[in-house]
Amino acid sequence: MKEISFKNDILPLGDQLFRLALRITRNRQEAEDVVQDTLIRLWEGRDQLNEIKNLGTYAMTICRNLSLDHIDRMEHRNISLDEKVHDRQNNDRSPDEQLMNIQRHEAVNDIISQLPEKQRTIIQLRDIEGKNYQEIAETMNLSLSDVKVTLFRARQAVKEKITKQNNH
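Below, the structure is looked at part by part. (Residues numbered from 1 in each chain as written. Predicted model: local features only at pLDDT ≥ 70, side-chain atom pairs only at ≥ 80, totals over all residues. Heavy atoms only, no water.)

A look at helix α2 (residues 14–25)
The terminal C-alpha atoms of α2 lie 16 Å apart, and with 12 residues this matches the ideal 16 Å at 1.5 Å per residue to within 8%. For α2, the complete set of buried residues consists of G14, L17, F18, L20, A21, L22, R23, I24 and T25. The inward-facing, buried residues of α2 abut α1 (6–10), α3 (28–44), α4 (55–73), α5 (95–113) and α6 (117–128). (Helix = DSSP H or I, 4+ residues; strand = E, 2+ residues; numbered from the N terminus. Expected span 1.5 Å × (residues − 1). Buried < 20%, exposed > 50% of the residue type's maximum accessible area, 1.4 Å probe, protein only. Contact = heavy atoms within 4.5 Å.)

Pasting the structure below:
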């Protein structure tokens, strides 16, 4: 087995872990705490990491579970995402087009944040993080078919809400 390097194999997962934690907790500070707790758990178990088949999936599973624990402790308070992914400028578009893109992005983020936790997490892992169905199933301890059905339903819910907003 390959020797696991905390610096080279685990620390690069930090951004993915943060995005997952942020999607679940919907709070930047809570997400940062979850990522820190995840990294601590991985560090404390570093001697057993060589036995893990998929380190990324294992880290995401720990992060997801800790995120769920955090929102349980915070009494399921709902706070909207403060993350502004769209701060980048695109010089090819007019200011009006840039504003419309920002508004669309915020609308989709708001819709996703209103989904149930399971759907939010699966959309985050599949559509944003690019994980395959098997990795998602392992991370969330679900069957492959449950992942696919939940993702389909989540996408349908997002599509319906966007269509409804566009018709108004």
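After presenting the structure, the write-up continues.
Thoughts on the packing of α3 against α4
How two helices pack is summed up by the angle between their axes together with the distance between the axes. It is the contact of α3 with α4, at a shortest axis distance of 9 Å, that shows an interaxial angle of 130 degrees. The angle between α3 and α4 falls in the class oblique. The interaxial crossing formed by α3 with α4 has right-handed handedness. Mapping the contact onto sequence places E30, D33, V34, D37, T38, R41 and L42 in α3 and Y58, A59, I62, C63, L66, S67 and H70 in α4. When grouped by side-chain class, the residues that make up the contact of α3 with α4 number seven nonpolar, three polar and four charged. (Axes fitted to C-alpha atoms, helices over the stretch in contact; angles between N-to-C directions. Parallel < 35°, antiparallel > 145°, perpendicular 65-115°, else oblique. Left-handed = near helix turned anticlockwise from the far one by under 90°. Nonpolar A, V, L, I, M, F, W, Y, C, P; charged D, E, K, R; others polar.)

As for the packing of α2 against α4
Two numbers describe how α2 lies on α4: the axes approach to 9 Å, and their chain directions differ by 30 degrees. With respect to α4, the axis of α2 lies roughly parallel. Seen along the crossing, α2 lies across α4 with a hand that is right-handed. Residues Q16, L17, L20, A21, I24 and T25 of α2 form the contact with α4, whose own contacting residues are A59, M60, C63, R64, S67, L68, H70 and I71.

What to know about the side chain of S113
Along the polypeptide, S113 turns up in helix α5. On the basis of relative accessible area, S113 is assigned to the buried category, the value being 9%. Excluding its chain neighbours within four sequence positions, the residues that come into contact with S113 are R23, R26 and R120.

Considerations on the environment of L66
Positionally, L66 belongs in helix α4. As for L66 and T38, which are separated by 28 residues in sequence, their C-alpha atoms are 7.3 Å apart. Those residues in contact with L66, other than ones at most four positions away along the chain, are V34, D37, T38 and R41.

With respect to the nonpolar core
Counting 37 residues, the largest nonpolar core has I10, L17, L39, L42 and I123 as the members making the most contacts within it. Looking at this core, the elements with two or more residues in it are α1, α2, α3, α4, α5, α6, α7 (133–140) and α8 (144–167). The element that contributes the greatest number of residues to this core is α4, accounting for eight residues. Residues within four places of L42 in sequence aside, it is in contact with F6, I10, L49, Y58, A59 and I62. (Core = buried A, V, L, I, M, F, W, Y, C linked by side-chain atoms within 4.5 Å.)

Regarding the packing of aromatic side chains
Per the stated rule, a full pass over the model turns up one aromatic pair. The ring of Y133 carries the charged tip of K148 above its face, separated from the ring centre by 5.5 Å. (Phe/Tyr/Trp six-rings, centres within 6.5 Å; stacked < 30°, edge-to-face > 60°. Lys NZ or Arg CZ within 6 Å of the ring centre and 35° of its normal.)

What to know about the environment of V147
Tracing the chain through its elements places V147 in helix α8. V147 sits 13 residues away from Q134 along the chain, and the two C-alpha atoms are 8.7 Å apart. Those residues in contact with V147, other than ones at most four positions away along the chain, are I122, Y133, I136, A137 and L142.

Some details on the pattern of salt bridges
The final tally for this structure, using the stated rule, is five salt bridges. Of the charged contacts, one joins E129 and R19 as a salt bridge, the two residues approaching to 2.8 Å between their closest N and O atoms. With E129 in the loop between α6 and α7 and R19 in helix α2, the pair connects residues that are 110 residues apart, well separated along the chain. Given a relative accessible area of 36%, R19 falls into the partly exposed group. (Salt bridge = Lys/Arg side-chain N within 4 Å of Asp/Glu carboxyl O.)

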